[in-house]
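# Examining the three-dimensional arrangement
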Amino acid sequence: MNITVIGTGNIGSELARVLARAGHTLTLVNSRGPESLRELADELHARAAATITDAVAHADVIVLSVPFGVVPTLAGDLRRAPASTVIVDMSNHYPLGGYVAEGLDDTTAQSAWISAQIGRPVIKAWNTVFSLTLATKGQAPGHPDRIALPVAGDDTAAKSVVMHLIGDTGFDVIDAGQLAESWRMEPGSPAYCTDLNAETLRAALARADRSRLAHDRDEGARRVYQPGIGMDMVNGAQIYREVTA
């Protein structure tokens, strides 16, 4: 498939790598321009696009791997993508980061808000995995240690496409329902970055408690992100499991 990845930070770069290894054709674009992408593009035999408009023009799938607050600024470019293009939102809203999303409250799923802002349907996926996990823990189907990832969305056909791609990246996939239910996989939920298998992920999605979400999101962030050190991706899954237990 022709897949455009918008944003090439840690998680976007690792996702591009595993998708390229699975045989997909990659187009990369970021805010710093094509020269900043040259090394990664050469590694993946990918195309480094000069503009987002160019990058989305012929994409079968677009993956949004940019900070949550940046996504609404991409609306004009994303609306120029073909109507058949599947758009994947892998962003997460952390109010502690300082961005205030106008109109987003505790009753609205983050990706439902994103969809409204950009005027396109989206599928929620790959938001519940550390870049380290994505890079090192993918396994072949049937492996006893294969981790599962959730996916949510309203378009059954588009969701099926993304579920197939998740399998290509080395993970089992669990249907987490429609986009309105994607709060069950947001930061603070038991499904978020806890590296669960298919059975335990289904249980985690089922026991998600919206009344705990904000508290557990902020507590998890405080424990996983250490000032001056950064994100603890080695112990992060265990920390999130403890916070959301």
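Details of the structure are given in the entry above.
Let me sum up the structure you'll find in this document.

The rules behind these values
Residues numbered from 1 in each chain as written. Predicted model: local features only at pLDDT ≥ 70, side-chain atom pairs only at ≥ 80, totals over all residues. Heavy atoms only, no water. Helix = DSSP H or I, 4+ residues; strand = E, 2+ residues; numbered from the N terminus. Buried < 20%, exposed > 50% of the residue type's maximum accessible area, 1.4 Å probe, protein only. Contact = heavy atoms within 4.5 Å. Areas by Shrake-Rupley, 256 points an atom, 1.4 Å probe, with all protein chains shown as cover. Lys, Arg positive; Asp, Glu negative; His and termini not counted. Charge placed at Lys NZ, Arg CZ, Asp CG, Glu CD. Pairing = 2+ DSSP bridges. Right-handed = clockwise from strand over helix to strand, strands pointing away. Axes fitted to C-alpha atoms, helices over the stretch in contact; angles between N-to-C directions. Left-handed = near helix turned anticlockwise from the far one by under 90°. Nonpolar A, V, L, I, M, F, W, Y, C, P; charged D, E, K, R; others polar.

Time to look at the overall build of the protein chain. When you go through the protein chain residue by residue, the secondary structure sums to 10 helices and 10 strands. Here the protein chain holds 245 residues, and 51% of them are scored as buried. Excluding contacts between residues fewer than 6 apart, the proportion of contacts in the protein chain whose partners are at least 24 apart in sequence is 68%. Within the structure as shown, the protein chain displays about 10900 Å² of accessible surface, and the carbon and sulfur contribution to it stands at 51%. Within the protein chain, one finds 21 positive and 28 negative side-chain charges whose respective centroids are separated by 0 Å.

This part is about the pairing of strand β4 (residues 61-64). Every second residue of β4 is oriented toward a common face, with Val-61 and Val-63 on one face and Ile-62 and Leu-64 on the other, all of them buried. Sheet topology note: the strand β1 (residues 2-6)/β4 ladder contains 4 bridges and is parallel. The partner of Thr-4 across the bridge, within β4, is Ile-62. Two strands pair when backbone bridges link them, and β4 and strand β5 (residues 86-89) are joined in this way by 4 bridges, in the parallel orientation.

By way of backbone hydrogen bonds, the strands of a sheet pair with one another, either parallel or antiparallel. Strand order in the open sheet formed by 6 strands is β3-β2-β1-β4-β5-β6, with parallel pairing between adjacent strands. Two strands close off the open sheet at either side, each with one partner strand: β3 (47-48) and β6 (123-124).

Walk down a regular strand and you will see the side chains alternate between the two sheet faces. With 4 of its 5 residues buried, strand β2 (residues 25-29) lies for the most part within the structure. As a crossover connection, the stretch from β1 through helix α1 (residues 10-21) into β2 is right-handed. Taken together, the 2 bridges between β2 and β3 define a ladder with parallel strand orientation. Residue pairing across strands places Thr-27 opposite Arg-47, the latter belonging to β3. With helix α2 (residues 38-44) bridging β2 and its parallel neighbour β3, the resulting β-α-β unit is right-handed.

You will see that His-45, though not glycine, has its phi angle at about 55°, which is positive. Residue position: His-45 is located in the loop between α2 and β3. On the basis of relative accessible area, His-45 is assigned to the exposed category, the value being 75%. The phi dihedral of Trp-126 falls on the positive side, at around 60°, and the residue is not glycine. Its location among the elements puts Trp-126 in the loop between β6 and α6 (131-136).

Another aspect to go through is the packing of helix α9 (residues 210-224) against helix α10 (residues 236-244). The N-to-C vectors of α9 and α10 enclose an angle of 145°; their axes lie 9 Å apart at closest approach. Handedness of the crossing formed by α9 with α10: right-handed. Of α10, the residues touching α9 (which contributes Arg-212, Asp-216, Glu-219, Gly-220, Ala-221, Arg-223 and Val-224) are Gly-236, Ile-239, Tyr-240, Glu-242, Val-243 and Thr-244. Within the contact of α9 with α10, the residues separate by chemical class into 5 nonpolar, 3 polar and 5 charged.

Before going further, it helps to spend a moment on the environment of Gly-177. One can find Gly-177 in the loop between β8 (172-175) and α8 (198-207). Assessed through its relative accessible area of 24%, Gly-177 is described here as partly exposed. In this structure the C-alpha to C-alpha distance between Gly-177 and Pro-150, which are 27 residues apart in sequence, comes to 9.1 Å. Once residues within four sequence positions are removed from consideration, Gly-177 is found in contact with Val-151, Ala-152, Gly-153 and Lys-159.

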